Amino acid sequence: MRKFDTKVQHLKYKVLREVARLAWNDELLENVMNIPMTIVPGKTPTMRCCVYKERAILGERVKLAMGGDKTNPNIIEVIDIACDECPMGGYEVTNACRGCLAHRCEDVCKFGAITFDHQHVAHIDKSKCKNCGACSKVCPYTAIVNRKRPCENACKIKAITMNEDKAAAIDSKKCIACGACVYQCPFGAIMDKSFILDVIDLIKKSENNRKYKVYAVVAPAISSQFSYAKLGQVITGLKELGFHTVVEAALGADMVADAESIELAEKGFLTSSCCPAFVSYIEKSFPQMLPFVSHNLSPMATIAKYLKAHEENCKVVFIGPCTAKKGEVQRDEVRPYVDAAMTFEELQALFDSKEIDITTLPEGVLDNASYFGRIFARCGGLADAVAEGMKEHGETEFKLKACSCDGIEECRIALIKKDKGLLDANFIEGMACIGGCIGGAGCLTHGEKNKAEVDKYGREAYEKTIADAISVLK
């Protein structure tokens, strides 16, 4: 029964599971130092050069599972001692170099970084190289390659550099907490902070004093996760954990689509506000575009705001695929409505920390939203929902021309075009992750099949229109 895409995810899960297991039993503080021993017993290392380093790294993972560095506002952190196995990278000459006479690489280099040995084979002086790539472009044998670290390749906004200790360093002024580096790092040296202890604390207090109820708001991407069980069993499992009620964030998506379709027709141009990493990217890299960002809260915050207004003393925990959501809940405009956010990875750890085998549970029901709210989970779904919202409102004069951006690189191109007056669209749907939310770093599994699962889940919705879905809220 495979629950995760990678062994790195599984290792992260084991740490989260042990932290959660001890927290449920009020045994965490006195046993926290023993967690690395339980994961790597004995004296034989399984991943590193020695068992002592392996346990030291696991100790850092435990700290992140408990909330990480409180002085660091970023959701994503680097475990420095785990980040030492990758080459520094940069441009290198491979053995494909034929020692040609043309020496185009030398001619094009403006910094004198290219030299040749007695066989005319090129060499790059790293102290002079500026990594401009000019030599690589002109080499007729493509013998000069750029060996970037996986985290640098994953970070399309260039928020990752290397520090003097050759470990990855994250520029918080650029980072949008999308988590792409977290998923791509082969050693798990970059991780998102977990607030799983906050979730456990909320549930335990609700069970002990009964003064409030804890609501789980689940992202529509859940339909493509926990593939070893049925969705209804996951819903029952959430209630077994201690959540009072499970609500679809997709219902909040219906509310957003309804409001955003009106806002777009009134203003003539909008960028979406659903993806917190995309909004953060605009704030940090395209601040001049902020006036165009939709004034609507994200689906998560929208449905949470409704719950807080209509359910007395309730607490709201968001569960989804997104690491950036952990940062969104700390924003002033969202903090009053969402008490904590966690990922599907962390939910799996919670299930197993209480030894809940969801495959043995009866199927619960999750039926709050429409097809259009549920397809927010994949790229293009938001644009389709806004188009439906306009149709249901009888909007005929304004013609939607959507630009659905699949990943932060496409977002960047669309924003640049809009800034220069070259974008042939009046609505930018920005999704920082490839595929949309189904490609989020906190997913258990990633893949094209997830899109089909989301669409299937959407078609199973009882409510067929946005208006039908949100009518129960009025």
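*Asks:* Honestly, the overall build of the protein in this entry has me stumped. Any pointers?
*Replies:* In terms of regular secondary structure, the protein is built from 20 helices and 15 strands. For 474 residues, the compact-globule formula gives about 23 Å, and the C-alpha radius of gyration of the protein, at 24 Å, lands near that figure. Looking at the protein as a whole, 53% of its 474 residues are labelled buried. In the protein, once contacts between residues fewer than 6 apart in sequence are set aside, the share between residues at least 24 apart is 75%. Working note: accessible area of the protein is about 21800 Å², and carbon and sulfur atoms make up 51% of it.

*Asks:* Looking at this model, I keep getting lost on the pattern of salt bridges. Mind explaining?
*Replies:* Where charged atoms of side chains with opposite charge meet at close range, the side chains can pair. Scanning all chains against the criterion turns up 24 salt bridges. Glu 263 serves as the salt-bridge partner of Lys 267, at 2.8 Å between the closest nitrogen and oxygen. Of the two residues, Lys 267 and Glu 263 both sit in helix H11 (residues 249-267), 4 residues apart, roughly one turn of that helix. Its relative accessible area of 8% is what places Glu 263 among the buried residues. With a shortest N-O distance of 3.3 Å, Lys 451 and Asp 455 are connected by a salt bridge. On the criterion of helical spacing, the pair formed by Lys 451 and Asp 455 is a turn pair, its members being 4 residues apart in helix H19 (residues 449-459). Several salt bridges converge on common partners, so that one network encompasses Lys 12, Asp 192, Lys 326, Glu 345 and Glu 346.

*Asks:* I would appreciate a short explanation of the side chain of Asp 352 in the present structure.
*Replies:* Structurally, the position occupied by Asp 352 is in helix H15 (residues 344-353). Residue classification places Asp 352 among the buried positions, given a relative accessible area of 18%. Ignoring sequence-local partners within four residues, the contact set of Asp 352 consists of Lys 3, Tyr 13 and Arg 17.

*Asks:* So what exactly am I meant to see when it comes to the side chain of His 446 here?
*Replies:* Considering the arrangement of structural elements, one finds His 446 in the loop between strand E15 (427-431) and H19. There is a polar contact of 3.5 Å between the side chain of His 446 and the side chain of Tyr 183. Apart from residues no more than four positions distant in its own chain, His 446 is found in contact with Asp 5, Gln 9, Tyr 183, Ile 438, Gly 439, Gly 440 and Ala 441.

*Asks:* I would appreciate a short explanation of the sheet that holds strand E11 (residues 270-271) in the present structure.
*Replies:* Whenever strands of a sheet pair, they do so through backbone hydrogen bonds, lying parallel or antiparallel. Spatial ordering of the open sheet is given by E11-E15-E14, a layout of 3 strands whose pairing is parallel. Edge strands, defined here as strands with exactly one partner in the open sheet, are E11 and strand E14 (402-406). When E11 meets E15, the two strands line up parallel, connected through 2 bridges. Across the sheet, Leu 270 pairs through a bridge with Phe 427, a residue of E15.

*Asks:* Help me understand the sheet that holds strand E10 (residues 245-248), please; the structure alone is not making it clear to me.
*Replies:* Spatial ordering of the open sheet is given by E10-E9-E12-E13, a layout of 4 strands whose pairing is parallel. Each edge of the open sheet carries a strand with a single partner, namely E10 and strand E13 (340-343). Direction aside, the axes of adjacent strands within the sheet are offset by 30 degrees on average. Sheet analysis places strand E9 (residues 213-218) next to E10, joined by 4 bridges and oriented parallel. From the neighbouring strand, Ala 216 faces E10, where its bridge partner is Val 246.

*Asks:* How should I be thinking about the nonpolar core in this particular structure?
*Replies:* Within soluble globular proteins, side chains that are nonpolar generally end up buried alongside one another. Counting residues in each nonpolar core, the largest one holds 96 residues, and the members touching the most others are Leu 238, Phe 243 and Ile 319. A total of 9 residues in this core trace back to one element, the largest contributor, which is helix H1 (residues 7-24). In contact with Phe 243, not counting residues within four places along its chain, are Val 199, Ile 203, Val 214, Tyr 215, Ala 216, Leu 238, Val 317, Ile 319 and Met 342. In terms of nonpolar packing, the next biggest core, distinct from the first, is built from 48 residues, Ala 277, Phe 278, Cys 411 and Leu 423 among them.

*Asks:* Could you clarify how one ought to interpret unusual backbone geometry in this entry?
*Replies:* A negative phi holds for most residues other than glycine; trans holds for most peptide bonds. Of note, His 120 is a non-glycine position whose phi angle comes to about 70 degrees, a positive value. With respect to the secondary-structure elements, His 120 resides in the loop between strand E3 (114-116) and strand E4 (122-124). Of note, Phe 226 is a non-glycine position whose phi angle comes to about 50 degrees, a positive value. Here Phe 226 is to be found in the loop between E9 and helix H10 (231-241). Looking at Phe 226, the relative accessible area reads 2%, which means it is buried.

*Asks:* What exactly am I supposed to notice about helix H12 (residues 276-285) here?
*Replies:* The α-helix advances 3.6 residues per turn, and as a result positions three or four apart in sequence lie on the same side. Burial analysis of H12 places 7 of its 10 residues in the buried class, which makes it a mostly covered element. At its buried positions, H12 is contacted by E11, helix H14 (324-328), helix H18 (408-419) and E15.

*Asks:* Explain the environment of His 118 to me, please; I cannot follow it from the model alone.
*Replies:* Examined against the element boundaries, His 118 turns out to sit in the loop between E3 and E4. Judged by its relative accessible area of 72%, His 118 falls in the exposed class. Counting along the chain gives 182 residues from His 118 to Met 300, while the straight-line C-alpha distance between them is 64 Å.

*Asks:* Can you walk me through the pairing of E14 in this structure?
*Replies:* Strand residues, when the strand is regular, have side chains that alternate between the two faces of the sheet. As paired elements, E14 and E15 share 5 bridges and run parallel to each other. By the bridge assignment, Ala 402 is partnered in E15 with Phe 427. Crossover handedness for the path E14 to H18 to E15: right-handed.

*Asks:* What am I meant to see in the pairing of strand E12 (residues 314-320) here?
*Replies:* Counting buried positions along E12 yields 6 of 7 residues, so the element is predominantly enclosed. When E9 meets E12, the two strands line up parallel, connected through 6 bridges. Residue pairing in the sheet places Val 218 in a bridge with Ile 319 of E12. Strand direction decides the pairing type here: E12 and E13, joined by 4 bridges, are parallel. Looking at the pairing, Val 317 lines up with Ala 340 of E13.

What counts, and where the lines are drawn
- Residues numbered from 1 in each chain as written.
- Predicted model: local features only at pLDDT ≥ 70, side-chain atom pairs only at ≥ 80, totals over all residues.
- Heavy atoms only, no water.
- Helix = DSSP H or I, 4+ residues; strand = E, 2+ residues; numbered from the N terminus.
- Rg over C-alpha atoms; globule rule 2.2 N^0.38 Å.
- Buried < 20%, exposed > 50% of the residue type's maximum accessible area, 1.4 Å probe, protein only.
- Contact = heavy atoms within 4.5 Å.
- Areas by Shrake-Rupley, 256 points an atom, 1.4 Å probe, with all protein chains shown as cover.
- Salt bridge = Lys/Arg side-chain N within 4 Å of Asp/Glu carboxyl O.
- Polar contact = N/O pair within 3.5 Å; in protein donor to acceptor, adjacent residues only side chain to side chain.
- Pairing = 2+ DSSP bridges.
- Axes fitted to C-alpha atoms, helices over the stretch in contact; angles between N-to-C directions.
- Core = buried A, V, L, I, M, F, W, Y, C linked by side-chain atoms within 4.5 Å.
- Right-handed = clockwise from strand over helix to strand, strands pointing away.

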